[in-house]
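Coordinate inspection notes
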Amino acid sequence: MPSNPTNTAFMIPGNTDKQPRQNFNFGSNLTHEYANLQFKEVINNNFSTQDESRSIQISTQRNNLEAIFNPKPSAEQIAKMMEQISIYLTQEADLIESYRIKQLNGDA
Amino acid sequence: MGLLKLLTGSDSVKFPRFMFTGKITRRELIQRESEIGGHLFGQIPIGHHRQFFNLDRTTWVWYEEWRDEDGEMQNTTTRYEIHKNGVLKVQEGTPYYYIEGQELDNFVTATRTYYDRVTHDIYRRDPSTGQPLAV
């Protein structure tokens with residue numbers, strides 16, 4: 001069990017103040033059962049935190065793998081691609097216009 | 001719209017050679033192009049009239065009109081503006097935005113097919129070389 005009271009495992013879920021959960025007092029006021037119940041809760045919280053941590057790790061690793069196998073273009077690369085598309089579309093339109101002019105001039 | 005239909009288009013618009021015998025205007029040429037353009041996306045729903053055409057070197061237009069359930073004519077015009085940094089979609093009543101992803105892919109495919117079809121069917125030229133087709 002963590003001894004550091006500021007450990008996030010002791011944060012009360014939903015507590016916006018992020019106040020650490022109070023340390024157990026195994027003194028006379030608590031029955032053994034109640035103490036055990038709280039102990040289990042802490043263990044579960046601890047596991048949740050570990051799971052969350054693992055999930056974040058896996059998510060990060062998955063993103064890294066996706067970046068390797070399916071790299072996302074940088075903003076600069078996207079801008080370059082857009083420029084190429086723009087040039088292509090403009091050239092296509094220029095050609096169509098030139099055919100129109102030839103047709104209108106009767107030299108089709 | 002189905003991509004397959006976008007790629008294959010329709011053969012339902014044909015312009016016979018005799019149509020070019022009289023004096024023709026640029027507007028009429030674009031009108032003919034727009035009829036071909038309107039059929040690039042497959043079957044047009046009954047009661048709809050659709051046009052897609054190249055207006056000038058930086059503007060493509062999608063126009064569609066139809067009769068609504070009350071019998072009133074409705075229409076919508078979408079303008080695609082070619083900018084250096086992308087293709088801006090301009091539609092009345094909606095925010096303008098630069099198209100991307102599948103929409104951009106479809107748009108480029110449509111313009112390519114449009115070029116091929118109007119070059120061949122209207123201007124009687126080989127789309128690959130721009131040379132007049134052998135008669």
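Residues numbered from 1 in each chain as written. Chains lettered and ligands numbered in written order. Predicted model: local features only at pLDDT ≥ 70, side-chain atom pairs only at ≥ 80, totals over all residues. Heavy atoms only, no water.

1. A closer look at the packing of helix 2 (residues 75-105) of chain A against helix 2 (residues 26-38) of chain B
Where we set the bar: Helix axes are fitted only over the stretch in contact, all axes being lines through C-alpha atoms; the angle between N-to-C directions runs from 0 to 180 degrees. By definition, any uninterrupted DSSP run of H or I lasting at least four residues is a helix, any uninterrupted run of E lasting at least two residues is a strand, and each is numbered from the N terminus. Each angle gets one of four labels, with under 35 degrees taken as roughly parallel, over 145 as roughly antiparallel, 65 to 115 as roughly perpendicular, and the rest as oblique. Working rule for handedness: look at the near helix, and if it is turned counterclockwise from the far one by less than a right angle, call the crossing left-handed; if clockwise, right-handed. For this analysis, residues touch if any pair of their heavy atoms sits within 4.5 Å. Residues are grouped as follows: Ala, Val, Leu, Ile, Met, Phe, Trp, Tyr, Cys and Pro are nonpolar; Asp, Glu, Lys and Arg are charged; all remaining types, including Gly, are polar.
Closest axis-to-axis distance for the helix 2 of chain A/helix 2 of chain B pair is 10 Å, and the angle between their directions is 130°. Comparing their axes, helix 2 of chain B and helix 2 of chain A come out oblique. Seen along the crossing, helix 2 of chain A lies across helix 2 of chain B with a hand that is right-handed. Facing helix 2 of chain A, whose interface residues are I96, E97, R100, Q103 and L104 of chain A, helix 2 of chain B presents R26, L29, I30 and E33 of chain B. Taken together, the residues that form the contact of helix 2 of chain A with helix 2 of chain B break down as four nonpolar, one polar and four charged.

2. Details of the interface of chain A and chain B
The parts lose accessible area when they come together, and the size of an interface is often stated as this lost area. Heads up, the condition is: The term buried area refers to how much accessible surface (probe radius 1.4 Å) is lost by two components on association, counted for both of them together. A pair is scored as a salt bridge if a Lys or Arg side-chain nitrogen falls within 4 Å of a carboxyl oxygen belonging to Asp or Glu. Polar contacts, as used here, are pairs of N or O atoms within 3.5 Å; protein pairs need one atom able to donate a hydrogen and one able to accept it. Residues neighboring in sequence count only if both atoms are side-chain atoms.
Contact with chain A, which involves 20 residues of that partner, is made by 33 residues of chain B. The junction of chain A with chain B conceals about 2200 Å² of combined surface from both sides, 62% of it contributed by carbon and sulfur atoms. Contact with chain B buries area across many residues of chain A, yet Y99, R100 and L104 of chain A alone supply 29% of it, more than any other trio. A salt bridge links E33 of chain B to R100 of chain A; the nearest nitrogen and oxygen atoms lie 2.7 Å apart. Linking chain A with chain B are eight residue pairs in polar contact (both at pLDDT 80 or more), by the criterion used here. Looking at the side of chain A that touches chain B residue by residue, the classes come out as ten nonpolar, three polar and seven charged.

3. A word on the confidence of the model for chain A
Note the following rule: pLDDT: the predictor's confidence for each residue, scored from 0 to 100.
In this model, chain A carries an average pLDDT of 70, and 54% of its residues clear a pLDDT of 70 or more. Throughout residues 1-28 of chain A the model reports pLDDT below 50, and contacts reaching past four residues in sequence, or to other chains, amount to 35 contacts.

4. A short note on a nonpolar patch on the surface
Residues and elements named next belong to chain A. Selection rule: Each patch is assembled from residues with relative accessible area greater than 30% and no salt bridge, linking like charges that lie within 9 Å and nonpolar side chains (Val, Leu, Ile, Met, Phe, Trp, Tyr) that lie within 5 Å. Accessibility throughout is a Shrake-Rupley quantity obtained with a 1.4 Å probe, and a residue counts as covered only by protein chains that appear here. The cut-offs for exposure are 20% and 50% of the maximum accessible area for each residue type, with area from a 1.4 Å probe on protein chains only; residues under the lower value are buried, those over the upper are exposed, and the others partly exposed.
A cluster of nonpolar side chains, namely L65, I68 and F69, defines an oily patch on the protein surface of about 370 Å² accessible area. Take F69: it is sitting in helix 1 (residues 32-69). Relative accessible area serves as the criterion here: at 68%, F69 is assigned to the exposed category.

5. Description of the pattern of salt bridges
Under the defined criterion, the tally for this structure stands at eight salt bridges over all chains. Note that R50 of chain B and E64 of chain B form a salt bridge whose closest N and O atoms lie 3.0 Å from each other. Here E64 of chain B lies in strand 2 (residues 59-67) and R50 of chain B lies in strand 1 (residues 48-56), a separation of 14 residues in the sequence. For the residue pair R50 of chain B and E64 of chain B, the accessibility class agrees, reading buried in each case. Because the salt bridges share partners, they merge into one network encompassing E97 and R100 of chain A together with R26 and E33 of chain B.

6. Side note on the sheet that holds strand 2 of chain B
Residue and element names in this part refer to chain B. In plain terms, the rule: When DSSP finds at least two bridges between two strands, those strands are taken to pair.
An order of 1-2-3-4-5 is seen for the five strands of this open sheet, with the pairing classed as antiparallel. Two strands in the sheet have a free side with no partner beyond their single neighbour: strand 1 and strand 5 (97-98). Inspection of the sheet shows strand 2 paired to strand 3 (residues 73-83) by nine bridges, in the antiparallel sense. Directly across from V61, in strand 3, lies its bridge partner R79.

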